[in-house]
Amino acid sequence: MLEGIIRKSTDKQSTKTLRRDGYLIANIYGKGFENINAAFKMNEYIRTVRKKETLAFPVSIEGKEMNLVVQSYEAHAVTGNLLHVDLMVAQPGVVTTYNVPVVPVGEAKGLKNKGLVHKAKPRLTVKGAIENVPNTFEIDVTEMDTGDSKLVRDLVAIPNVTMLDADRVAVVSIIKAK
C-alpha cells in the first residue's frame, strides 16, 4: 500500500523542499470530502501506479486508508519527471467521470503489410460508479488491416456506464508505416 504524508504548508518554498527530498506533490479530492494536500515518495508512487491491476488503488495517508484514481498529472516539459498529480477518491455508488486506458489485443493483419498499431485515444472518458467502470478497454485488432479503424461506437456497451467521447471518434487504427 502506498504511504503518503499531509503537507503542512502549500507555499512555494515548502513545495520545492519536498520535491528536492524526492516527494511528489498531490491533491486528493472527492465528493463530500475536504481536499487533502499530500505528498508521496516519487519512486514508491510510480512503482504503485505501474503495477496496479485495477483503476483504483489503495493509499494510506497518516493512518487514513482510501482508494484513489488518477485524474490528471503534470510533468516537467524537458525532463519528463512528474511534478504534480490530482487524485480522486473512488467512492462506491457515486457516479463520476473516469479516464479508462485502451489496450489493443492480438496481432493485426496490417502489421504484415508494413502497418503500425496507432492508439488515437489512449484513454476513453466514461461516466459511472467505480464498481461498474472497467479497468481497461481491450480492443481486438487481429482482423484489422492497414487503413482500418475501430471507433467508439464499435465498442461493446457496458451497463450503467456512459461513454462521454463522441461515437465517431477513432480509438485504434492501423496506419501505414512511412
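Residues numbered from 1 in each chain as written. Predicted model: local features only at pLDDT ≥ 70, side-chain atom pairs only at ≥ 80, totals over all residues. Heavy atoms only, no water.

1. Here's the deal with the pattern of salt bridges
If charged atoms from side chains of opposite charge come close, those side chains can pair.
Argument step 1. Summed over all chains, the structure comprises three salt bridges.
Argument step 2. For Lys109, the salt bridge goes to Glu143, with nearest N and O atoms at 3.2 Å. Here Lys109 is found in the loop between strand 7 (96-105) and strand 8 (115-119), whereas its partner Glu143 is found in the loop between strand 10 (137-140) and strand 11 (149-151), with 34 residues between them in sequence.
Argument step 3. One salt bridge in this structure joins Lys121 and Asp165, with 3.2 Å as the shortest N-O distance. Within this pair, whereas Lys121 is found in the loop between strand 8 and strand 9 (123-128), its partner Asp165 is found in the loop between strand 12 (162-163) and strand 13 (170-176), the two being separated by 44 residues in sequence.
Argument step 4. Taking relative accessible area as the criterion, Lys121 reaches 22% and is therefore assigned partly exposed.
Argument step 5. Classification of Asp165 by relative accessible area gives buried; the value is 15%. (Salt bridge = Lys/Arg side-chain N within 4 Å of Asp/Glu carboxyl O. Helix = DSSP H or I, 4+ residues; strand = E, 2+ residues; numbered from the N terminus. Buried < 20%, exposed > 50% of the residue type's maximum accessible area, 1.4 Å probe, protein only.)

2. A closer look at the pairing of strand 13
Argument step 1. In the sheet, strand 8 pairs with strand 13 via five bridges, with the strands oriented antiparallel. By the bridge assignment, Lys119 is partnered in strand 13 with Val172.
Argument step 2. Of the strand pairs in this sheet, strand 11 and strand 13 are connected by three bridges, and their pairing is antiparallel. Across the sheet, residue Leu151 finds its bridge partner in strand 13, namely Ala170. (Pairing = 2+ DSSP bridges.)

3. Describing the packing of aromatic side chains
Argument step 1. With the rule as written, the count across this model stands at two aromatic pairs.
Argument step 2. Measuring from centroid to centroid gives 6.1 Å for Phe40 and Tyr45, while their planes differ by 25°, and the two rings are stacked. The two residues Phe40 and Tyr45 agree in class, both being buried.
Argument step 3. Ring centres of Tyr45 and Phe57 lie 6.5 Å apart, and the angle between their planes is 70°; this geometry places the pair in the edge-to-face category. Pair noted here: Tyr45 is in helix 2 (residues 42-51) and Phe57 is in strand 4 (residues 57-61), with a separation of twelve residues, a long-range link. For the residue pair Tyr45 and Phe57, the accessibility class agrees, reading buried in each case.
Argument step 4. Taken together, the ring pairs in this structure connect Phe40, Tyr45 and Phe57 into an aromatic cluster. (Phe/Tyr/Trp six-rings, centres within 6.5 Å; stacked < 30°, edge-to-face > 60°.)

4. Here's the deal with unusual backbone geometry
Argument step 1. Of note, the phi angle at Glu62 is positive, near 50°, even though the residue is not glycine.
Argument step 2. Of note, Glu62 is situated in the loop between strand 4 and strand 5 (64-75).
Argument step 3. Of note, the phi angle at Lys114 is positive, near 60°, even though the residue is not glycine.
Argument step 4. Counting through the fold element by element, Lys114 comes out in the loop between strand 7 and strand 8.

5. Brief notes about the side chain of Asp165
Argument step 1. In terms of polar contacts, Asp165 uses its side chain to reach the side chain of Lys121, at 3.2 Å.
Argument step 2. Leaving out residues up to four positions away in the same chain, Asp165 has contacts with Lys121, Arg123, Leu124, Thr125 and Val152. (Polar contact = N/O pair within 3.5 Å; in protein donor to acceptor, adjacent residues only side chain to side chain. Contact = heavy atoms within 4.5 Å.)

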